[in-house]
Amino acid sequence: MSDLETFRRETRAWLEANCPASMRTPMTGDDDVCWGGRKWTFKSTDQRLWLERMAERGWTAPDWPAEYGGGLGKDETRVLREEMDRIRARPPLHSFGIWMIGPAILRFGPEHLRRQHLPPIVRGEIRWCQGYSEPGAGSDLAGLQTRAEDRGDHFIVNGQKIWTSHADRADWMFCLVRTNPDAKKQAGISLVLFDMNTPGVSTRPITLISGSSPFCETFLDNVRVEKDQVVGEVDQGWTIAKYLLTHEREMIGGFGRTAAGARTVGEQAVEAVGLEDGRLADELLRGEVARWEMDARAFELTAERARAEARAGQGVGNSSAMLKYYGTELNKRRHELLMALNGSDGLLWQGKDGHDGALARQWLRSKGNSIEGGTSEIQLNIIARNILGLG
Amino acid sequence: MATLVLTEEQQMLKDSARGFLQENAPVSAMRRLRDEGDPDGFSRATWAAMVEQGFAGTLIPEAHGGFDFGHVGMGQIQEEAGRTLTASPLLATAIVGACALVHAGTEAQQQELLAPMAAGELLTALAVDERPRHRPELVHTRAEYNGAGYTINGCKSFVIDGHVADRLIVTTRTSGECRGRDGITLFLVEPGLPGVEIVPMVTVDSRRAAEVRFNDVEVPAGAVLGHVDEGADVLDRVLAVANAHLAAELLGIAREAMDRTLQYLRERRQFGVTLGSFQALQHRMAQLFSEIELLQSAVLAALSALDEDDAEAEALCSVAKARACTVAELATNEGVQLHGGMGMTDEFDIGLFLKRARAAQQTYGDDRHHADRFARLRGY
Ligand SMILES: Cc1cc2nc3c(=O)[nH]c(=O)nc-3n(C[C@H](O)[C@H](O)[C@H](O)COP(=O)(O)OP(=O)(O)OC[C@H]3O[C@@H](n4cnc5c(N)ncnc54)[C@H](O)[C@@H]3O)c2cc1C
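Residues numbered from 1 in each chain as written. Chains lettered and ligands numbered in written order. Predicted model: local features only at pLDDT ≥ 70, side-chain atom pairs only at ≥ 80, totals over all residues. Heavy atoms only, no water.

The environment of the ligand is formed by 18 residues, the closest being Ser 133, Ser 139, Trp 163, Thr 375 and Glu 377 of chain A. One chain alone does not account for the residues near the ligand; they come from chains A and B. One nitrogen or oxygen atom from the main chain of Trp 163 of chain A is found 3.1 Å from a nitrogen atom belonging to the ligand. One of the side-chain nitrogen or oxygen atoms of Ser 165 of chain A is found 2.8 Å away from a nitrogen atom of the ligand. Within the residue set of the shell around the ligand, elements represented by two or more residues are strand S3 (154–165) and helix H11 (376–387) of chain A. Split by residue class, the shell around the ligand holds five nonpolar, 10 polar and three charged. (Near = heavy atom within 4 Å. Polar contact = N/O pair within 3.5 Å; in protein donor to acceptor, adjacent residues only side chain to side chain. Helix = DSSP H or I, 4+ residues; strand = E, 2+ residues; numbered from the N terminus. Nonpolar A, V, L, I, M, F, W, Y, C, P; charged D, E, K, R; others polar.)

Given below as structure tokens:
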């Protein structure tokens, strides 16, 4: 038996023994997501156990080096993902630490930041938020104005961030600041890290059209940031931010995928509209559902192909822009379709039978997919310029 | 696991197919055939050279003189033939005919036909449709048992390569109503038999097809391909294969149309700048690029599912063909529009891609047909 087969067999057995039954059921909403952090309250004992057991093995970040995370190779990581999908295991942890700032620290260092920040991320102890956007700097991110003044061994940071997801529930922020006001736009930016408990940091939640309030305005008022909390080097922030945005895009693009175990749109259509003579009772909707499902299948295959090409060391380097663009537009189409399929049931907001308006709320939330992490229009700009050579 | 990245061998085949077709059968060759009104609609000399390259035997087992290189391999040739708009018996003989015989032929039928097919000497044509829109299970053509063999009566439209075929593969009804899967039987029919009438036609893509009429055509019992009354299963398989390869051809057409359009946008200047600097056009091309990337994944997955006899193969073939239709339609329409007046001229090649795309789209079902089929396979 090959090493990989042995690994698969052992992983399967371990997951069987350690993944609680309730963590193998489809997640029904945001409530089931585990974000961890100092302020986190677990929704159930199983949620806590599942995180602890996975974190213990470093499998919340399976492909990070063993001294910080799981230390698995690419193939082993894939096997772990396949085995988790097989039993429909929920992700033990959702984390900006694992998806975004962790990989950046791993890649750009310095070493003391790796040792300080990566293990708590893997254990789900520290929850991070992303301080990029400002009122005057959205798509044109490099126009950001938050200033960091050099005071010898530390910086003093002043400015305002906006759309900071989960800022009120996060423990630390990775934040883009201007360290050199005289340099060219992109050249004077640094990526710094600070605790959200630092004096001068305050947040104000913003309510979304979906009714929830997942993000905030963040005010930075004479915030002291230690010099040793700069990722990479001073004034190197733009390079790191671009690297990070690629990671973020890949993650958001993944929203187009149907999660393992979730009901397909076709199944939901049958439930909502019903069959007549074996065909969905509404002919035009039937066509739209089929087209959506075919597009979704092709999209999943494309994400798979991008991974296979990356493994083989080929492929379009900028495929993340395409996946982000297509995956988010696909997800928006999914929710429009679900709203149409469910007719007036989709309009419910609260009241009837303890209905919490999940359909409508998720539909509204999906509108943000093509805005967050760089808008669809910006992704199309990137494709046209970097891949197609138009400009 | 689907093959989504080509193996070294497959990549070599693709590269050599590209080199060969660009050199021996470029778009200008297709234009010449059209202008000369070639009665075959393809070049016999080019076909002979393609056979020499081994293209004709790609799906035929080695025991019958082929190379057994698989669908992913053949798909690469098809994609490259889409780029060059190369007309040849590849689809009707080397893909559809070969697949029908390998899948359903008796030992004797395979012995007789496959080797000459791999050698490019025997051409086949699938006579399936009876109406302008593809509906394979609507079969009025009847085959009645006459004691010794069968007597066939009926009419088939849009038979690709019907004008040159040495053997027709004909769907008939041996029992039941004209609609429905049960009672369909496939026959191998020699076109020279008394009562077979072949009416050639030229299609919008300058290729040839034929209407084939059967008037009391008598065939021996040994002409049945597969089992009597159970032809629908064979047909499903053959059409899935045909559509996966048409999707590969449409992928090539879409990519070539996009590449040519991009080239034009980079060169053509208006308002003192290149057209490619206009964001309205950049975004349209970026969207087209994304659609084509998804198409490529769908085509590769369908082809490799056929090679691996995956349970999802037929659904994936429909996904690939449906997407190929919408994407090639988009690519060729955008191609004409973004070339401006130049795109409307016969002299410029982009219109040739538009024409071939529509023919390939309609062949064995367009995106609507395959969306319907996909929905049925998914249980709604
Ligand atoms: C749900 C959600 C979560 C978010 N989370 C975070 C977070 O955690 N941290 C953070 O820092 N930010 C976050 N953001 C902010 C997000 O990154 C910005 O909203 C985004 O970059 C767009 O910036 P903007 O809102 O200022 O829009 P603008 O840049 O003002 O854009 C408005 C419109 O103009 C278009 N446009 C702008 N420039 C161009 C151009 N050059 N060509 C064509 N069209 C253009 C845009 O595509 C858009 O349609 C989040 C946003 C959302 C919706």
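Frequently, the measure chosen for interface size is the accessible area removed from exposure when the parts meet. Residue and element names in this part refer to chain B. When the domains of chain B are assigned, the result is domain 1 (8–122), domain 2 (125–230) and domain 3 (232–377). Centre-to-centre separation of domain 2 and domain 3, based on C-alpha positions: 30 Å. Listed by partner, the interface residues are 16 residues for domain 2 and 18 residues for domain 3. When domain 2 packs against domain 3, the two sides together hide about 1,700 Å² of surface, and 59% of this comes from carbon and sulfur. If you sort the residues of domain 2 by the area they bury against domain 3, Arg 133, His 134 and Arg 181 come out on top, with a joint share of 31%. Linking domain 2 with domain 3 are five salt bridges, by the criterion used here. A salt bridge links Arg 133 to Asp 366; the nearest nitrogen and oxygen atoms lie 3.0 Å apart. In this structure, the connection of domain 2 to domain 3 is made through five residue pairs in polar contact (both at pLDDT 80 or more). Of all the secondary-structure elements, those providing two or more residues to the side of domain 2 that touches domain 3 are strand S3 (149–160) and strand S5 (184–189). For the side of domain 2 that touches domain 3, the per-class residue count stands at eight nonpolar, two polar and six charged. (Domains from an automatic or database assignment. Contact = heavy atoms within 4.5 Å. Buried area = accessible area lost by both parts, 1.4 Å probe. Salt bridge = Lys/Arg side-chain N within 4 Å of Asp/Glu carboxyl O.)

The partner chain B presents 43 residues to the 37 residues of chain A that form the contact. Interface area for chain A against chain B, summed over the two sides, is near 3,400 Å², with a carbon-plus-sulfur share of 64%. For the pair chain A and chain B, the interface holds six salt bridges. Linking Asp 372 of chain B and Arg 279 of chain A is a salt bridge whose minimum nitrogen-to-oxygen distance equals 3.5 Å. Between the two partners, chain A and chain B, sit 19 residue pairs in polar contact (both at pLDDT 80 or more). Of all the elements in the fold, those that place two or more residues in the side of chain A that touches chain B are helix H7 (265–273), strand S9 (279–280), helix H8 (283–311), helix H9 (319–342) and H11 of chain A. Ranked by residue count, the leading element in the side of chain A that touches chain B is H8 of chain A, at 16 residues. Residue classes in the side of chain A that touches chain B are distributed as 20 nonpolar, seven polar and 10 charged.

All names here are of chain A. Within the span of H7, buried status applies to Val 265, Gly 266, Gln 268 and Ala 269. Each buried residue of H7 lies within a common arc of 160° when the element is viewed along its axis, so the set occupies one face. Just beyond H7, the residue with positive phi is Gly 274, at close to 90°. (Buried < 20%, exposed > 50% of the residue type's maximum accessible area, 1.4 Å probe, protein only. Arc of directions from axis to C-beta.)

A few words now on the confidence of the model for chain B. Taken over all residues, the pLDDT of chain B has a mean of 97, while the share at 70 or more is 100%. Scoring the predicted complex yields pTM 0.92 and, for the interface, ipTM 0.92. (pLDDT = per-residue confidence, 0-100.)

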